[in-house]
Amino acid sequence: IARPALWWPNGMGPQTLYTLRTRLLADRRLLDQQTTRIGLRTLELRRKPDRWGKSFEFVINGVPVFAKGGNWIPADSFPTRITRARRQQLLESVRDANMNMVRVWGGGIYESSDFYELCDELGIMVWQDFMFACSMYPGDQHFLDNVRAEATDQVKRLRNHPSIVLWCGNNEVETAWQHWGWKESLPAKLWDDYLKIFHGVLPEVCAKLDPSRPYWPSSPSSNLEDDPDSQRTGDVHYWAVWHAAAPFSEYEKQFPRFMSEYGFQSFPEIETVRAYTLPEDHDIESPVMLAHQRHPRGNQLIREYMLREYLPPKDFESFLYVSQVLQAEGIKIGAEHLRRIRPRNMGSLYWQIDDCWPVASWSGIDYFGRWKALHYYARRFYAPVLVSLREEADRVKLYVVSDATAPMAGELLVRVLDFAGNVQQEKRLPVNVAPLASNLYAAFAKSELLGGQDETRVFLDCRLLVGGKTVAENRKFFRPFKELALSRPNISVDLQPVPGGYKLALATDRLARAVCLSLDGMNASFSDNYFDLVPGQPVEVLVRPQPLLDIGEVRRRLRVRSL
């Protein structure tokens with residue numbers, strides 16, 4: 001093809017696909033035929049020495065791509081129940097949250113052809129684990145032959161999909177051998193067997209059948225060049241936040257080359273919980289709720305983290321809601337940090353995108369496809385252009401991160417507002433935002449910004465304006481939520497019918513944090529949710545009830561919750 005139209009990841013360009021029709025003829029008689037959709041793109045896993053160690057970045061069509069996304073697990077405990085429509089809804093949600101990569105986890109399944117076809121269409125790059133996880137495996141010839149046959153089958157099946165950008169040998173086996181006590185307690189032969197599979201059979205199959213695509217032995221891994229958890233080379237799984245109850249601020253002390261796992265739990269919303277409970281089960285410690293919490297310390301950890309930031313929730317539904325805000329705010333800290341330190345780090349894949357059953361978990365989308373607070377937040381912290389605020393040693397630093405391939409001239413609008421929306425201080429700074437980069441564009445002493453104001457009564461609002469229009473915005477609060485001098489907001493909602501649903505216009509007289517909209521007892525999709533509502537800055541949201549309700553019923557069922 002003389003001038004091919006290229007396939008690009010989501011947010012970087014179109015996902016052009018070509019249809020390749022192949023026929024096999026003998027004496028003009030058709031013996032067989034095949035139709036394949038392909039995308040044309042170049043791919044490199046760039047690993048070059050630099051001042052931080054060795055890079056780990058995906059380069060598509062010559063452009064370094066910051067990988068934004070999450071880990072994918074099977075969408076149902078019974079895979080035959082997963083329809084193409086359900087996969088499409090989930091993967092469109094991935095696309096709509098500005099994500100460009102999913103990691104198909106090695107403890108799950110090789111996904112159906114539908115999955116990879118949809119990733120091709122939507123521009124979702126796939127980090128594909130082979131299905132080995134958290135175990136040592138035998139290295140006898142029969143087992144090696146079995147592994148070779150499995151890998152051969154999957155690589156041949158999937159190698160024409162432009163969305164797949166990496167074959168990865170396994171999940172966490174390399175770090176488990178080194179750090180989970182296995183090396184000390186198990187025979188050394190098991191490590192020899194590991195090398196036979198993950199540095200022998202699998203890379204041999206990939207090199208023979210799919211030489212244009214990189215192979216990586218494990219996740220996390222240093223490719224045996226360093227400790228598997230090294231932050232100088234390879235990819236990292238970071239779990240001190242959550243498992244070790246480390247504060248969310250610890251995310252900002254990590255400087256990996258690629259973060260392929262990190263996460264935090266929350267509960268799903270009440271409509272999902274009602275699917276597996278009766279009203280008498282609505283207690284976090286009830287037997288039914290505990291059966292739907294698969295981490296032995298899950299409830300304890302959520303409560304411990306929650307009380308660091310928030311007052312105790314007043315009831316069961318409030319606890320579910322605050323757990324989601326807690327999760328979203330925590331992962332936001334990690335994701336923004338990982339983007340700010342680009343190009344030192346070039347990937348943020350949190351655990352996890354989806355659920356295989358209705359449950360308390362680390363997911364951003366629950367089993368029924370409902371977006372939790374995390375997924376709405378992800379759409380903001382994975383936006384193509386990000387304004388990110390960081391407090392360091394009594395100074396507030398303002399970064400702008402851009403995934404765009406062209407520079408943009410704009411203006412940073414920095415304002416300190418009180419909770420009634422009154423401007424206490426305003427600064428305007430012209431900026432020229434560099435492409436494919438993260439840069440510090442301004443820094444202020446916190447005392448200068450506050451100007452004597454009580455930090456429990458004001459917040460920082462920062463926007464990037466291009467052509468007078470807001471293209472990115474973010475806020476910073478100077479104290480944990482439980483310490484802010486907030487009063488109850490009066491939120492008004494105006495409802496107007498539009499094709500397929502209703503437009504909600506929301507306004508408030510006082511700052512309303514993490515406003516959550518729902519329709520009691522109903523499924524509904526919202527164009528935005530879990531957002532801050534500031535006096536003088538009304539927000540419009542489209543709601544599509546399923547099925548469509550009349551306006552009186554929507555008014556009756558509408559719930560507006562805030563912190």
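Before reading further, recall that the structure is shown in the block above.
Residues numbered from 1 in each chain as written. Predicted model: local features only at pLDDT ≥ 70, side-chain atom pairs only at ≥ 80, totals over all residues. Heavy atoms only, no water.

Asker: Looking at this structure, I do not really get the layout of surface pockets. What am I missing?
Answerer: Gaps between atoms show up when a probe of the same size as a water molecule is rolled over them. Roughly 700 Å³ of volume is contained in the second largest pocket. Forming the boundary of the second largest pocket are 24 residues, of which Lys 314, Phe 481, Arg 488, Ser 562 and Leu 563 lie nearest the centre. Going through the elements one at a time, helix 11 (316-340), strand 25 (512-519) and strand 29 (558-561) are the ones with two or more residues in the lining of the second largest pocket. Considering each element in turn, the lining of the second largest pocket owes the most residues, three residues, to helix 11. Within the lining of the second largest pocket, the residues separate by chemical class into 15 nonpolar, four polar and five charged. (1 Å grid on protein atoms, 1.4 Å probe; cavity = no way out; pocket = protein on both sides within 12 Å on 5 of 7 lines; lining within 4 Å. Points joined across faces, edges and corners; volume = space filled by probe spheres on them. Helix = DSSP H or I, 4+ residues; strand = E, 2+ residues; numbered from the N terminus. Nonpolar A, V, L, I, M, F, W, Y, C, P; charged D, E, K, R; others polar.)

Asker: I'm lost on the pairing of strand 28 (residues 539-546) in this one. Help?
Answerer: Every other side chain in a regular strand lies on the same face of the sheet, so the side chains alternate between the two faces. Because side chains alternate across strand 28, one face comprises the buried residues Val 539, Val 541, Val 543 and Pro 545, and the other comprises Glu 540, Leu 542, Arg 544 and Gln 546, none of which is buried. Bridge analysis of strand 24 (residues 501-508) against strand 28 gives five bridges, and the strand direction is antiparallel. Bridging from a neighbouring strand, Leu 506 pairs with Val 539 of strand 28. In this sheet, strand 28 lies alongside strand 26 (residues 523-526) in antiparallel orientation, the contact comprising four bridges. What sits directly across from Ala 524, in strand 28, is Pro 545. (Buried < 20%, exposed > 50% of the residue type's maximum accessible area, 1.4 Å probe, protein only. Pairing = 2+ DSSP bridges.)

Asker: It is not clear to me how the nonpolar core should be interpreted in this structure. Could you clarify?
Answerer: When a protein is soluble and globular, its nonpolar side chains tend to lie buried together. Formed by 124 residues in total, the largest nonpolar core has its most connected members in Phe 115, Phe 130, Leu 202, Tyr 262, Tyr 350 and Phe 381. When residues of this core are assigned to their parent elements, the largest contribution, eleven residues, is made by helix 11. If near-sequence neighbours (up to four positions away) are discounted, Tyr 350 is found in contact with Gly 69, Gly 70, Asn 71, Met 99, Tyr 262, Ile 331, Leu 374, His 375, Ala 378, Phe 381 and Tyr 382. (Core = buried A, V, L, I, M, F, W, Y, C linked by side-chain atoms within 4.5 Å. Contact = heavy atoms within 4.5 Å.)

Asker: Just to check I follow, could you spell out the side chain of Asp 235 for this structure?
Answerer: With respect to the helices and strands, the residue Asp 235 is situated in the loop between strand 12 (215-216) and strand 13 (236-237). Arg 103 is the oppositely charged side chain nearest to the buried, salt-bridge-free Asp 235, at an N-O distance of 5.9 Å. There is a polar contact of 2.5 Å between the side chain of Asp 235 and the side chain of Ser 219. Within the local environment of Asp 235, its side chain forms a polar contact with the side chain of Ser 260, the two groups lying 2.6 Å apart. (Lys, Arg positive; Asp, Glu negative; His and termini not counted. Salt bridge = Lys/Arg side-chain N within 4 Å of Asp/Glu carboxyl O. Polar contact = N/O pair within 3.5 Å; in protein donor to acceptor, adjacent residues only side chain to side chain.)

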